[in-house]
Amino acid sequence: MALEMYTKNSNSPKIGVLALQGAFIEHLKMLTELGASVQEVRLPEEIAGLDGLIIPGGESTTIGKLMILYNLVEPIKEMVASGRPVWGTCAGMILLAKDIGGLNQPLIGVMDIKVKRNAFGSQLDSFETDIAIPVLGEKPFRGVFIRAPYIEEVGPQAEELARLSGESGRLAPQGNSTNPAVIVAARQDNLLATAFHPELTGDSRFHRFFLKMVEEGAKD
Amino acid sequence: MSNFEKSTWNTKVGLAQMLKGGVIMDVVTVEQAKIAEESGAVAVMALERVPADIRKQGGVARMSDPELIIRIKEAVSIPVMAKARIGHFVEAQILEALGIDYVDESEVLTPADEEYHINKHDFKIPFVCGCRNLGEALRRIGEGAAMIRTKGEAGTGNVVEAVRHQRAVSSDLRRIKSLGKEELMTAAKELQAPYELIVQINETGKLPVVNFAAGGIATPADAALMMQLGSEGVFVGSGIFKSGDPMKRAKAIVQAVTHFRNPQIIAEVSKNLGEAMVGIEISQIPTDQVLAQRGW
């Protein structure tokens, strides 16, 4: 085990899940099962008092537009600056990225990663595969990729947590031909990003990993 | 690392899960598709005619021209859906070959088979199907539908049928959840639904796939009403592009679905939307032109 994982305790952290659109209920359910108290976030005042925030999968264009309309971008940036953990899954990862290859859509833009949207193709190219994620331990993690993005480049401030290789890596049509492996999870201090959907599996290790980040943040 | 699998049940249902809390809009041109995306739609339904026009013009309504569907697919980054006729598995094969994201086996088009729906398990592409009640929803899921929408009555701008169908589904879900194990086979028989799915609902109290509302939603209030009744998102067909100011109305409906429990916000976005589409009283529709009764 590379990192000790979060276990239920009495000081349950308060985790917000951005609930503008997408698969937020699945995150809320998993967090609740792990003993966190949860808050659906649709308006800026719902961010106050949170120990951590998850930006779920959904349509990144829809979520981005609603974030602008309801003045959520600045409060989330402040939350990131204050050191509290923020995790983006799929669309959430796109919204966290500083660079999405020049596409014109609203972003939070705080994470030093370059992300490619719809990187594997249309729904017919959605897939599941086992991924090695060293920080979660030896057992592979089932990655569910739905019209998924991937990380083209991890900048110097961020670190890679997982990559696809072999058959699933080659699937990425715009992948680098000399290195078919593509990065699908990364961390940068209090920021976490995954191209896939841990909330659609029965495996709570990624959520426990995030709660551990929240707990460690609270100690500082 | 391996066990690599494409087009699994998880990925089919998963895409619908990503669409939740969103609005899927009918579009008939590239320009409309761009307006839909700009207004915050989570997906577009590419069509040649919106249901209101199909209703007005009559005749046989078929799958749209693949050229139109491809142009719409190229114009937007959000998922693209398109409709196949009930039972017309070759139209569905064509839509799969076009590489779009979801097929709607839809009563809005003229049915191609009066006995059988498409065997949706045969396909890599996921399907959404309409229902009027829980039994119909579960028969479609049994055939492989990965997403359900209540039918409502398309092209009317009248939400009454959508409400009726959503209430019917919710009420049956509550009833099945409350049943004892020995009552489940009889419930399956009465609803004409697969027994395994009835057992599953008895345990979870929920449909095993995502359920959107469709058919007659014309205002932000209509959309929020369906969400409060238990729909997980909405399809808006004729309601947007048959109205006076499509962009403004589309944006308003998107916000009403996000903030469906917040009447202050729904009031705010409902102001000055211009003319809504002209609605049709359901009792004025000749019985043989009621779309919701297509499919079984």
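Note that the coordinates shown come from a computational prediction; the quantities given were computed from them, not determined experimentally.

Remarks on the overall build of chain B
In step 1: A tally of regular secondary structure across chain B gives 13 helices and nine strands.
In step 2: Projected onto the principal axes, the alpha-carbon positions of chain B cover approximately 55 × 50 × 40 Å.
In step 3: Split into buried and exposed, the 296 residues of chain B put 61% on the buried side.
In step 4: For chain B, the proportion of contacts with a sequence separation of at least 24, taken over those separated by at least 6, is 67%.
In step 5: With the model as given, the accessible surface of chain B reaches about 11,700 Å², and the carbon-plus-sulfur share is 49%.
In step 6: Side-chain charges of chain B comprise 34 positive and 37 negative groups, with the mean position of each set lying 3 Å from the other.

Structural notes on the pattern of salt bridges
Residues and elements named next belong to chain B.
In step 1: Per the stated rule, a full pass over the model turns up 29 salt bridges over all chains.
In step 2: Measuring nitrogen to oxygen at the nearest pair gives 3.0 Å for the salt bridge that ties Asp53 to Lys242. Taken as a pair, Asp53 in helix H3 (residues 51-57) and Lys242 in the loop between helix H11 (238-241) and helix H12 (246-258) lie far apart in primary sequence, 189 residues in all.
In step 3: Classification of Asp53 as buried rests on a relative accessible area of 15%.
In step 4: Note on Lys242: relative accessible area 35%, which makes it partly exposed.

Some remarks on the nonpolar core
In step 1: With 127 residues, the main nonpolar core has A:Met67, A:Ile113, A:Phe145, A:Val184 and A:Phe206 as its most contacted residues.
In step 2: A:Leu200, B:Val13, B:Val169 and B:Leu179 belong to the second largest nonpolar core, which has 45 residues in total.

Overview of the side chain of B:Ser64
Residues and elements named next belong to chain B.
In step 1: Mapped onto the elements of the fold, Ser64 is located in the loop between H3 and helix H4 (66-75).
In step 2: At 2.9 Å, the side chain of Ser64 and the backbone nitrogen of Glu48 are in polar contact.
In step 3: If we skip the residues at most four places from it in the chain, Ser64 touches Ala46, Leu47, Glu48 and Ile69.

Some thoughts on helix H2 (residues 30-39) of chain B
In step 1: Of all the residues in H2(B), the buried ones are B:Val30, B:Gln32, B:Ala33, B:Ala36, B:Glu37 and B:Ser39.
In step 2: Structurally, H2(B) contributes buried residues whose contacts are with helix H2 (60-69) of chain A together with strand S2 (23-27), strand S3 (43-46), H4, H11 and H12 of chain B.

A closer look at the environment of B:Asn158
All names here are of chain B.
In step 1: With respect to the element layout, Asn158 can be found in the loop between strand S7 (147-150) and helix H7 (160-178).
In step 2: Overall, the relative accessible area of 16% leaves Asn158 in the buried class.
In step 3: Separated by 23 residues in sequence, Asn158 and Gly135 place their C-alpha atoms 24 Å apart.
In step 4: Apart from residues lying up to four places away in sequence, Asn158 is in contact with Gly215, Gly216, Ile280, Glu281 and Ile282.
In step 5: A distance of 3.1 Å separates a polar atom in the side chain of Asn158 from the backbone nitrogen of Val160.

Reading the values: the criteria
Residues numbered from 1 in each chain as written. Chains lettered and ligands numbered in written order. Predicted model: local features only at pLDDT ≥ 70, side-chain atom pairs only at ≥ 80, totals over all residues. Heavy atoms only, no water. Helix = DSSP H or I, 4+ residues; strand = E, 2+ residues; numbered from the N terminus. Buried < 20%, exposed > 50% of the residue type's maximum accessible area, 1.4 Å probe, protein only. Contact = heavy atoms within 4.5 Å. Areas by Shrake-Rupley, 256 points an atom, 1.4 Å probe, with all protein chains shown as cover. Lys, Arg positive; Asp, Glu negative; His and termini not counted. Charge placed at Lys NZ, Arg CZ, Asp CG, Glu CD. Salt bridge = Lys/Arg side-chain N within 4 Å of Asp/Glu carboxyl O. Core = buried A, V, L, I, M, F, W, Y, C linked by side-chain atoms within 4.5 Å. Polar contact = N/O pair within 3.5 Å; in protein donor to acceptor, adjacent residues only side chain to side chain.

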